[in-house]
Each structure stands twice: as C-alpha cells, then as structure tokens.
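Fold and contact review
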Amino acid sequence: MAGRRSDTRERIQQVALELFVERGYEQTSLREIAERLDVTKAALYYHFRTKEDIVASLLDDLAASLDEVLAWARTQQDPDPARAELIRRLARLVEGQFGPVMRFMQDNQPALKDFHDRNPLVGRMKELFGIITAGMDDPAAKLRARLALAALMIGNSPQFQEEDQDADHAEVALRVALELVSPHERPSGAAT
C-alpha cells in the first residue's frame, strides 16, 4: 500500500510541475492540478495541503538526490581527477529530475522568493561549489569550475534548446562543462 501512496505522490508532483512550468506557479491552482490528475481536491489534499507543500516536496526530493552526489564527492581523496566524474553525475541529475525543477524555479523566481530561506538546495549548492573548487588557487580556474555547473543548467534550459533544436543539448552541455572543469584534458568521446 505504501508503494501506491508514493506513486500517487510522484504523479501529483509531476503534474503540478508540468502546470507550474506551463502556466506559472501563481497562475496554477490546486483545483487545476486535481482536474488534470482526474482526482478530487480532497484526494489531492490527502498528499499535499498547499502548492507550497508540493514545491517543498520537489525541492526535498531533489536535495536527497543531490545528497547522493555530494556523499560520493566527499569520499574522493584527490579533487582533480574527481571533478570530471562529479560533472558527469551532476549532468545525469540535471537531465533527470533536476532540470525541470530548475527551469520551474528560474521561471517563477518572484513567486518563490519566500522559498529561498527554506530551500534545501541553497546549502548543498554552496557545498558543491566548495567541492568543485577544492585545491584550486587560481581565481580563473575557480571561475571555470563554477561556470561548468552553470553550463549544465543552461544547456538544459528551454531558451538554449529552442535556439538549436537539432543538437543534443545534454551532450553539448556536458562537453562544455568538462572542458571548463578540466581544460587540459580532452573529454572522452571528443575528436582528436
């Protein structure tokens, strides 16, 4: 029975996120989410009392996924060779659940300003920046490492994807991020 509750919760999150991206957070009501799900508002309330609860659950789930990446990164003894693998792991996260949530957050910043203090991703992103720049003394290298993370996010953005619909945006973003974080190494699969 717990599996069914979890499936319903995930379905609610997915539909709510779709509506938030399509219509905007403020323009989406719980009634519209329930209608798209073809459930009653009471059934929706069983899982989430408010839209804020849905957003908080999305951020918490994403934070848990990011925790897995951070846990791996914390175990790495030498940050230099681990950077490329860290970028690859983050790219998979961005391609999966992180991308749509980040797009939603970016497109709805004014509506979500009150979430900033409660956003579980803020501290984790700070830690991620610290891990990816560990052992770097050169300010330019630190900036490139931080830009690598931004490349992953931008590569998954709808604006970037609209500019060149024939490109594999995830692959382009990963290649650029790897070049930024390890400029002296050629990413695997790159032409020689």
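Reference entry: report on the structure contained in this document. In this numbering scheme, every chain counts its residues from 1 along its sequence in written order. Given that the model is predicted, a residue must reach a pLDDT of at least 70 before its local features are reported, and side-chain atom pairs must reach 80 or more before they are shown or counted; all residues, however, enter totals for whole chains, interfaces and linings. Side-chain measures were taken over the full set of non-hydrogen atoms in the model, leaving aside hydrogen atoms and water.

We now examine the packing of helix 5 (residues 79–107) against helix 7 (residues 139–155). Fitted lines through C-alpha atoms give the axes, limited to the stretch in contact for helices. The angle between two N-to-C directions lies from 0 to 180 degrees. We count a stretch as a helix when DSSP gives it H or I for four or more residues in a row; a strand needs E for two or more, and each element gets its number in order from the N terminus. Remark: helix 5 packs on helix 7, axes separated minimally by 9 Å, with the N-to-C direction vectors making an angle of 45 degrees. Between helix 5 and helix 7, the angle falls in the class oblique. With respect to the hand of their crossing, helix 5 and helix 7 are arranged in right-handed fashion. Of the residues in helix 7, those in contact with Ile-87, Leu-90, Ala-91, Val-94, Phe-98 and Met-102 of helix 5 are Ala-148, Leu-149, Leu-152 and Met-153. Think of it as three bins: nonpolar holds Ala, Val, Leu, Ile, Met, Phe, Trp, Tyr, Cys and Pro, charged holds Asp, Glu, Lys and Arg, and polar takes everything else, Gly as well. Among the residues making up the contact of helix 5 with helix 7, the classes are represented as ten nonpolar, no polar and no charged. In these notes the angle categories are as follows: under 35 degrees is roughly parallel, over 145 is roughly antiparallel, 65 to 115 is roughly perpendicular, and the rest is oblique. The crossing is said to be left-handed when, going from far helix to near helix, the turn is anticlockwise and less than a right angle, and right-handed when the turn is clockwise. We call two residues in contact when some of their heavy atoms are within 4.5 Å.

Time to look at the layout of surface pockets. Here a cavity is any set of points on a 1 Å grid over the protein atoms alone where a 1.4 Å probe fits but cannot get out, and a pocket is any open set with protein on both sides within 12 Å along at least 5 of 7 lines; a residue lines the site when it has an atom within 4 Å of a point. Grid points are joined across faces, edges and corners, and a volume is the space filled by probe spheres set on the points. Computed from the structure, the largest pocket encloses a volume of approximately 580 Å³. Around the largest pocket, the lining is made up of 25 residues, and of these Met-102, Met-105, Gln-106, Gln-109 and Asn-119 lie nearest the centre. Elements supplying a minimum of two residues to the lining of the largest pocket: helix 4 (51–74), helix 5, helix 6 (121–132) and helix 7. The dominant element in the lining of the largest pocket, judged by the number of residues it contributes, is helix 5, at seven residues. Class assignment of the residues belonging to the lining of the largest pocket gives a composition of 14 nonpolar, eight polar and three charged.

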